[in-house]
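Spelled out from the first residue to the last, the chains are:
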Amino acid sequence: MSYKSTDALMRHLRDSGIDISGSAQKRQLINTGYYHGYKGYRFFKNAGTRLPFTSYKEVYATIQYDTALKSLFYSKMMFIETAVKNIALEGILAKANSESIQAMYDNVVSGYRNAPANSTQEQKKRLQQNKLNLQNSIQSNLAYAYKKNNPKITHFYNNVGYSGVPIWALFEIMTMGDFGYLLSCLTYDVRDDISRRIGLNLACDTDRQLIYKYIYTLKDLRNAIAHNAVIFDTRFRNIDPSKAMKQCLEIEIGLPYVNFKTIGDYVLLMCYYLKLLKVPKTEIKSFVRSFEKITDEYRASVNPVVAAIVIHPDLASRMMILKNFI
C-alpha cells in the first residue's frame, strides 16, 4: 500500500470536491493531520452521514469548533468531577464511620449480607458479584498506582506507621468511570444521602440511580476531551438515558425533551451540576454565552447545509430555557 505525501493528499481532496490550496492550508492539513483531521471530521456521528463540505476552510473550521468546545468544557468538567467526588467522600466517611477501605466495604457497599429485605436470591448474588468486582478494581487501581510510584499511594504502603490506604487517598487516584461504579455499588441509603447532599431532584429517581448514571454520562464526554477525540457530534455517547435521567432535567430546567444526542444536552447537564454545586450564576451564564458564541462563529464559517446538520435547530431556544433556569 503506497503512502500519500501531503501534496498528493491535497490533490486527492480536490478530486473529492474539497477546495484546498496554498501554503497556509497545506500547513493546516499537516498540523491537524489528514487522518485525525479530515477523515475524523468529514462525517457527523457516523460514517454514513457525510458532511457536505465544499472547501478545506470548512473542514478546518469544524476542527477548530471541536477544539474550542473541548477547551471550554475541560475546566468545568474537572471542577464537577472533583466536587462530586468530595461530596460523595463526605457521605461515605460519615456512614462508614472510618477512613478504612475495609470499613467502606463492610458498611456502605451492597452485598449478599446487607441486600434490601425484599431481594431475591438472584439479586443478592448479583449485588455480591458487583461488590467483588469493585474490590477487584480498587485493588488493581492501588497496585497500579504503587507500581507507578504514585506518592499519594506509596506514602501509605512504605510507612511502618500506617495500616492501609485511607478511602480519601483512594478517591485521589480513581478515574471517573471507577468512581461511577463505586457509587453504583453503594447501599440505597448511602446513595440517597449523597444524592441529597448534591441536591439532585429525587422525585423521579425512586431507585437513586441518577447519582451514578449522570457520572457515567459526563465520564464519556470527559474521556473524549482527555483523549482529544471528536466531541462536537457526541459520537462518544454510549449511554441510553433512563427515564429518570431525562425527566429530572426536563422538570428541573423546564425542557420539552432531553436525549443526549446533541452536545447542547451535555451543556445542560454540566450547568445543572454547576448550579447544584452553588457556582455563581454569573459564572454559569458566562459559560453558556461562551458556548453560544463559539457555535455562532462556527455557523458563520461553514455553508448553511453543514451548519444545519451540525447545529441542532432548537439549540438557541434550549439555551434560552437554560439561562432562565440558571
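These notes cover the structure that comes with them.

Scoring rules and cut-offs
- Residues numbered from 1 in each chain as written.
- Predicted model: local features only at pLDDT ≥ 70, side-chain atom pairs only at ≥ 80, totals over all residues.
- Heavy atoms only, no water.
- Helix = DSSP H or I, 4+ residues; strand = E, 2+ residues; numbered from the N terminus.
- Buried < 20%, exposed > 50% of the residue type's maximum accessible area, 1.4 Å probe, protein only.
- Contact = heavy atoms within 4.5 Å.
- Areas by Shrake-Rupley, 256 points an atom, 1.4 Å probe, with all protein chains shown as cover.
- Phe/Tyr/Trp six-rings, centres within 6.5 Å; stacked < 30°, edge-to-face > 60°.
- Lys NZ or Arg CZ within 6 Å of the ring centre and 35° of its normal.
- Pairing = 2+ DSSP bridges.
- Salt bridge = Lys/Arg side-chain N within 4 Å of Asp/Glu carboxyl O.
- Arc of directions from axis to C-beta.
- Expected span 1.5 Å × (residues − 1).
- 1 Å grid on protein atoms, 1.4 Å probe; cavity = no way out; pocket = protein on both sides within 12 Å on 5 of 7 lines; lining within 4 Å.
- Points joined across faces, edges and corners; volume = space filled by probe spheres on them.
- Nonpolar A, V, L, I, M, F, W, Y, C, P; charged D, E, K, R; others polar.
- Patch = residues over 30% accessible without salt bridge, like charges linked within 9 Å, V, L, I, M, F, W, Y side chains within 5 Å.
- Lys, Arg positive; Asp, Glu negative; His and termini not counted.
- Charge placed at Lys NZ, Arg CZ, Asp CG, Glu CD.
- Axes fitted to C-alpha atoms, helices over the stretch in contact; angles between N-to-C directions.
- Parallel < 35°, antiparallel > 145°, perpendicular 65-115°, else oblique.
- Left-handed = near helix turned anticlockwise from the far one by under 90°.

## Notes on the overall build of the chain
The number of helices and strands found in the chain is 16 helices and two strands. Taken over the C-alpha atoms alone, the chain extends approximately 65 × 45 × 40 Å along its principal axes. Expressed as a percentage of its 326 residues, the buried residues of the chain come to 49%. Long-range contacts, defined as pairs at least 24 residues apart, comprise 65% of the intrachain contacts of the chain with a sequence gap of at least 6. Element-wise, carbon and sulfur atoms account for 51% of the exposed surface of the chain, whose accessible area totals about 16,000 Å².

## What to know about the environment of leucine 268
Structurally, the position occupied by leucine 268 is in helix α13 (residues 263–276). Measuring from C-alpha to C-alpha, the distance between leucine 268 and isoleucine 253 comes to 8.4 Å, with 15 residues separating the pair along the chain. Leucine 268 has contacts with Ile253, Leu255, Arg318, Met319 and Leu322, leaving out every residue within four places of it along the chain.

## Description of the packing of aromatic side chains
Per the counting criterion, the structure on display carries 15 aromatic pairs. Between the aromatic rings of tyrosine 214 and tyrosine 273, the centroid separation amounts to 6.2 Å while the plane-to-plane angle is 85 degrees, which identifies the pairing as edge-to-face. Here tyrosine 273 lies in helix α13 and tyrosine 214 lies in helix α11 (residues 210–226), a separation of 59 residues in the sequence. Tyrosine 214 sits in the buried class, given a relative accessible area of 0%. A cation sits over an aromatic face here: lysine 275 above phenylalanine 325, 5.0 Å from the ring centre. Just above the ring of tyrosine 257 sits the side chain of arginine 318; from NZ or CZ to the centre is 4.1 Å.

## What to know about the pairing of strand β2 (residues 46–50)
On any regular strand, side chains alternate: one points to one face of the sheet, the next to the other face. Pairing of strand β1 (residues 43–44) with β2 involves two bridges; the strand directions are antiparallel. The partner of phenylalanine 44 across the bridge, within β2, is asparagine 46. Between the antiparallel neighbours β1 and β2 lie one residue, among them lysine 45 with a positive phi of about 70 degrees.

## With respect to the pattern of salt bridges
Taken as a whole and assessed by the stated rule, the structure comprises 18 salt bridges. Between arginine 197 and aspartate 193 there is a salt bridge; the shortest N-O distance is 2.9 Å. With a gap of four residues between them, arginine 197 and aspartate 193 both fall in helix α10 (residues 188–198), about one helical turn apart. A salt bridge links lysine 219 to aspartate 220; the nearest nitrogen and oxygen atoms lie 3.2 Å apart. Taken as a pair, lysine 219 and aspartate 220 share a single burial class, namely buried. Beyond isolated ion pairs, a larger network of salt bridges with shared partners links Glu81, Lys85 and Arg222.

## With respect to the environment of serine 100
Secondary-structure assignment places serine 100 in the loop between α4 (56–96) and α5 (101–107). Residues serine 100 and cysteine 248 lie 148 residues apart in sequence; the distance between their C-alpha atoms is 34 Å.

## Details of helix α16 (residues 315–325)
Turning to α16, its buried residues are Leu315, Arg318, Met319, Leu322, Lys323 and Phe325. Taken down its axis, α16 places every buried residue within 155 degrees of arc, on the same side. Relative to its buried face, α16 has exposed residues pointing more than 90 degrees away, namely Ala316 and Asn324. Tucked inside the fold, the buried residues of α16 contact α12 (243–254), α13 and α14 (281–301).

## Some points on α13
The first and last C-alpha atoms of α13 sit 20 Å apart over 14 residues, in line with the 20 Å expected at 1.5 Å per residue. Burial analysis of α13 places 13 of its 14 residues in the buried class, the great majority of the element. Directly beyond the C-terminal end of α13, a positive phi value near 65 degrees is found at lysine 278.

## Let's talk about the layout of surface pockets
Reported here for the largest pocket is a volume of approximately 490 Å³. Lining the largest pocket are 21 residues, with Ser110, Pro116, Leu127, Ser184 and Arg191 sitting closest to its centre. With five residues, the top contributor of residues to the lining of the largest pocket is helix α6 (residues 121–147). Grouping the constituent residues of the lining of the largest pocket by class yields seven nonpolar, ten polar and four charged. Put simply, the second largest pocket is a space of about 150 Å³.

## Some points on a positive patch on the surface
A surface patch of positive charge is lined by Lys275, Lys278, Lys281, Lys285 and Arg289. Tallying contributions element by element places α14 first for the positive patch, with three residues. With respect to the helices and strands, the residue lysine 281 is situated in helix α14. Classification of lysine 281 as exposed rests on a relative accessible area of 54%.

## Describing the packing of helix α2 (residues 22–32) against α4
In contact at an axis separation of 11 Å, α2 and α4 are set at 40 degrees when each is read in the N-to-C sense. Between α2 and α4, the interaxial angle falls into the category oblique. Considering the relative orientation of α2 and α4, their crossing is left-handed. Residues Gln25, Gln28, Leu29 and Thr32 of α2 touch α4, and the partners they reach there are Tyr56, Lys57, Tyr60 and Ile63. When grouped by side-chain class, the residues that make up the contact of α2 with α4 number four nonpolar, three polar and one charged.

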